[in-house]
Amino acid sequence: MATHRGIVYAKQGAAASQPLAVSAAIEILKAGGSFIDAGIALSAVISVIEPGASGLGGDVFLITHDAKKRENLAFNGSGEAPHLANRDAFSDSIPLTGYKAATVPGLVSGWFAAHERYGKLPMAQILQPAIEYAENGFPATEDFIRRINGHLKERPETKLFKDLGIDRELQLGEIITNKELAWVLKEIAKSGRSAFYEGSIAEKIISGTEGWISKEDLKAHKTRVEKPLSINYRGYQVHGNPPPTQGMILMEELLIANHFQRADLTDSDWIHMQVEAKKKAFTDRNAIIGDPEIVNVDVDSILNSENIAKRVSEIDMQRADNSAINPSEGSDTTYFLVADSEGNAVSWIQSVFHGFGASWAVPGTGMILNNRLTGFNLDEKSPNFIAPGKRPAHTLQAFVVTNQDGTLKYVGGTPGANIQVQTNFQLITGLIDDGLTVQEVAEAPRWMHLSQSSSSAVNESIDGILYIESRFDGAIIEDLKSRGHKVEVLPPFGHGSSVQVLEMLPNETYAFGSDPRSPGQAAGF
C-alpha cells in the first residue's frame, strides 16, 4: 500500500496532531527526560496551541507501559461533578456552554500523578516550552483558524475569543499569545499541583464560576491509577481504559471479532462484521456505563464468553441491524503517544469534550473549561445519572498492545468521541489481522457508523449512517448497501480521526506512524 508519509524509525520519539508539540516532547527526551516528562511537555504545549481540543480545564486518560516491570497502568484524570450539580440544578437539559456545563478539571492532577511515578526532570523544566508559547506566542495555523471559524458558526454569540484576546478575523501565521495562561503554567511550575487545586489558580476558578466549582470540589479531586481492562486478541494482550470511560466497547468489539477468521471473509464481510460488532458493543455499553465508585458497573457481564457468544450469534452476515438505540456523543479531543529509550511508552488522550469546551474561560487564567457535565444523564434510572462528586461517562480511551511475554508491541489511538472505539478497532485489526505497517494502518481507508457527521452534540444510533471513505473499492460500497447499511461516501481522507501509532520491532527500535488526516507528525532520534 502506497503511503503519503514515511515511517519514522527511532530509539525514542513521539507522534501527535501538532508538530510544535512533538518538538517539545523531543526537546525533553533529549534533555534526559522520561516518556512521561515528554508526555507532560507535549500535553502542556498542545493545550496552549490547540485550545479548541484540549487544555488545563479538561480531562486526561493514559495507558502507560513500564518496560522494566512489564506493567501497564490506566490513569483516569476525569473530573467529578461539582457539589451543586444535581438533577434539581437543571430543567430539561444540561447547558452546553458556560461554567455550569463543567466538571472539576482533571488534566493537571493527571500530570502530577504520572510524574510522581515516572518523572525524572523537574516540572518547571518540563513546562517551560508551553510557558514560552503562551507568553511569546505561536503562529496561527490553518487548523487553528478553521476550528475558530467552525465554533463561531456554531456559537456566534460566544465571547470566548474576545476574552482570550483572539481576533475573529485571525490571519494565517498571525502570532497568538495567552499571557494569562502563561501565568497559570508558571504558578504550576513554581508551586506544583496545589497551585491549581488549592492555591492561586483555585481561587480564580472558585470566584470565576461563582462557587459552582467550590474549594471543597477542587480539594477533593484525585487521579485514579488502576489496572487497565485487558483481553486476548489473536495471541496479543490489548489494554484499554476502564469505566467510567468506554474502553469496554473496544474490548467487546475485539472479542466478537475473535470469533471470525479474516482469511475466511471478503473485505465486505469483514467491514460488515465490524460495523455490527460495534453496534452490539454500544448497546451493552449503554446498559452499564457509569462511575464505578458510585454505581455497579459490571464489565464482566458484557465481556464474558457467554455474552460474547450471544452477540456473535445475533450478527446476521447478510443483513445490517438497523434498530434504534441512542447514545450521546461529543467531539473534540487530542491524542498523542510518546516512547523513550528504555522501552517505556504512554498512550495519552485529553479533551475539553466539545469544541472549545464550555465556550467559556475562567477569568484571569486564559483557561477554557470543559463541558463534560453534559456527558451525564438526567434520567434517574440511568447508571449515568447526574450526582455531586460523580464522574460522567466518557468517550475518551486509548490502547496499548503487548506480546504474551509482557513486552511492548503497539501503542495507538485517535480523537473523535464515539469514533475513537471504532477507529481503534480498525487499527488493531489492521495491524494484527491484515499485517499493515504503522503508516499503512494510519492512512488506510476507514469507516465510521454514526447518526450524522461527527459534529458536536450529535446523537449516534444503531439505526445510523455508515460513513465510508471513497478509497474503498466501489464494489465493497455497493455490497454494504445491499446488506441494508445506509451508506454515505466520504472524501478520500474525510474520516473524522487523527491516528498516531507505534510498533516496537523485535530489535527494540520503534516504528512511528502519523495520520495525514491531521497536520501532525511523528518524530524521533
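Here the structure is a predicted model, which means the values were calculated and not measured. Numbers given for residues are sequential positions, taken from 1 along each chain in its written order. The model is predicted, so local features are restricted to residues of pLDDT at least 70 and side-chain atom pairs to those at 80 or more, both for listing and for counting; the totals for chains, interfaces and linings are taken over all residues. Note that the side-chain values use all heavy atoms of the structure and ignore hydrogens as well as water.

## Some remarks on the overall build of the chain
To keep things clear, this is the line we draw: Secondary structure elements follow DSSP: runs of H or I of four or more residues count as helices, runs of E of two or more count as strands, with numbering from the N terminus. Burial classification: accessible surface area is computed with a 1.4 Å probe over protein chains only, and a residue below 20% of its type maximum counts as buried, one above 50% as exposed, and the rest as partly exposed. Note on contacts: a residue pair qualifies if any of its non-hydrogen atoms lie within 4.5 Å across the two residues. The Shrake-Rupley method, run with a 1.4 Å probe sphere, supplies the accessible areas, and residue values consider only the shown protein chains as cover. Positive residues here are Lys and Arg, negative ones are Asp and Glu, while His and the chain termini are left out of the count. For this purpose, a charge sits on NZ of Lys, CZ of Arg, CG of Asp or CD of Glu.
Counting its secondary structure elements, the chain contains 17 helices and 21 strands. Along the three orthogonal principal directions, the C-alpha set of the chain runs to about 60 × 55 × 45 Å. The buried share of the chain, taken over its 525 residues, is 64%. For the chain, contacts bridging at least 24 residues in sequence account for 73% of all contacts bridging at least 6. Taken as a whole, the chain presents about 18300 Å² of accessible surface, with 48% of it coming from carbon and sulfur. A gap of 2 Å separates the mean positions of the 47 positive and 64 negative side-chain charges of the chain.

## Structural notes on the pattern of salt bridges
The test is simple: We define a salt bridge as a side-chain nitrogen of Lys or Arg found within 4 Å of a carboxyl oxygen belonging to Asp or Glu.
Using the criterion set out here, one finds 28 salt bridges in the structure. Between Arg146 and Asp143 there is a salt bridge whose closest N-O contact spans 2.4 Å. Linking Arg146 with Asp143, this pair stays in helix α5 (residues 142-154), spanning three residues, or about one helical turn. Note that Glu187 is salt-bridged to Lys190, the shortest N-O span being 3.3 Å. Taken as a pair, Glu187 and Lys190 lie in helix α7 (residues 179-191) at a separation of three residues, close to a single helical turn. What makes Glu187 buried here is its relative accessible area of 14%. Residue Lys190 is classed as exposed on the basis of its relative accessible area, which comes to 63%.

## Quick word on the sheet that holds strand β16 (residues 447-450)
As a reminder of what qualifies: Pairing between strands is defined by DSSP: at least two bridges between the two strands are required. All axes are obtained by fitting lines to C-alpha atoms, using only the stretch in contact for helices, and the reported angles, taken between N-to-C directions, cover 0 to 180 degrees.
Spatially, β16-β17-β18 is the arrangement adopted by the three strands of the open sheet, whose pairing is mixed. Lying at the two open borders of the sheet, with one neighbouring strand each, are β16 and β18 (487-490). Taking the axes of each pair of neighbouring strands and ignoring which way they run, one obtains an average angle of 25 degrees across the sheet. As paired elements, strand β17 (residues 465-469) and β18 share four bridges and run parallel to each other. Counted as the bridge partner of Leu466 is Val487 from β18.

## Here we look at the pairing of strand β20 (residues 510-514)
In terms of residue burial, β20 counts as a mostly covered element, since five of its five residues are buried. Residues Tyr510, Phe512 and Ser514 of β20 are buried on one face, and the alternating residues Ala511 and Gly513, pointing to the opposite face, are buried as well. Where strand β19 (residues 500-504) meets β20, five bridges bridge the pair, whose relative direction is antiparallel. In the sheet register, Val501 faces β20, and the bridge partner there is Gly513. What sits between the antiparallel neighbours β19 and β20 is a turn of five residues, in which Glu508 has the positive phi angle 75 degrees.

## Things to note about the packing of helix α2 (residues 35-49) against helix α3 (residues 107-118)
Two packed helices can be described by the angle between their axes and the distance between those axes. We count it as follows: Should an angle fall under 35 degrees it is taken as roughly parallel, and over 145 as roughly antiparallel, whereas 65 to 115 is taken as roughly perpendicular and any remaining angle as oblique. By definition, any crossing whose near helix is turned counterclockwise from its far helix by less than a right angle is left-handed, and any crossing with a clockwise turn is right-handed. Only Asp, Glu, Lys and Arg are considered charged in this grouping, and only Ala, Val, Leu, Ile, Met, Phe, Trp, Tyr, Cys and Pro are considered nonpolar; every other residue, Gly among them, is considered polar.
α3 packs onto α2 with a crossing angle of 165 degrees between their chain directions and a minimal axis gap of 9 Å. The angle between the axes of α2 and α3 places the two elements in the roughly antiparallel class. When the axes of α2 and α3 are compared, the crossing they make is left-handed. Where α2 approaches α3, its residues Phe35, Ile36, Asp37, Ile40, Ser43, Ala44 and Ser47 are matched on the opposing element by Leu107, Trp111, Ala114, His115 and Tyr118. When the residues that make up the contact of α2 with α3 are grouped by side-chain class, the tally is eight nonpolar, three polar and one charged.

## Some remarks on the environment of Ser313
As a reminder of what qualifies: Counting of polar contacts relies on pairs of N or O atoms within 3.5 Å, with two restrictions inside protein: one atom must be capable of donating a hydrogen and the other of accepting it, and residues adjacent in sequence are counted only when both atoms are side-chain atoms.
Mapped onto the elements of the fold, Ser313 is located in helix α14 (residues 305-314). For Ser313, a relative accessible area of 57% translates into the label exposed. When the C-alpha atoms of Ser313 and Lys278 are compared, they prove to be 14 Å apart, with 35 residues separating the residues in sequence. A distance of 2.6 Å separates a polar side-chain atom of Ser313 from the backbone oxygen of Lys310.

## Some thoughts on the packing of aromatic side chains
Inclusion rule: Aromatic rings from Phe, Tyr and Trp, with only the six-membered ring used for Trp, were paired whenever their centres fell within 6.5 Å, and each pair was classed as stacked if the ring planes differed by under 30 degrees, edge-to-face if by over 60, and tilted otherwise. Each ring is checked for a lysine NZ or an arginine CZ that lies within 6 Å of its centre and within 35 degrees of its normal; such an atom marks a charge sitting over the ring.
Under the counting rule described, the total for this entry stands at ten aromatic pairs. For the pair Phe90 and Trp212, a centre-to-centre distance of 6.1 Å together with 80 degrees between the ring planes defines the contact as edge-to-face. One end of the pair, Phe90, is in the loop between β4 (71-77) and α3; the other, Trp212, is in the loop between α9 (200-208) and α10 (215-220), and 122 residues separate them in sequence. You can call Trp212 buried: its relative accessible area is 4%. Geometrically, the ring pair formed by Phe138 and Phe144 is edge-to-face, given 5.6 Å between the ring centres and 75 degrees between the ring planes. The exposure class assigned to Phe144 is buried, which follows from its relative accessible area of 6%. Lying across the ring of Phe525, Lys30 places its NZ or CZ 5.4 Å from the centre. Sitting over the face of the ring of Phe282, Lys278 holds its NZ or CZ atom 4.8 Å from the ring centroid.

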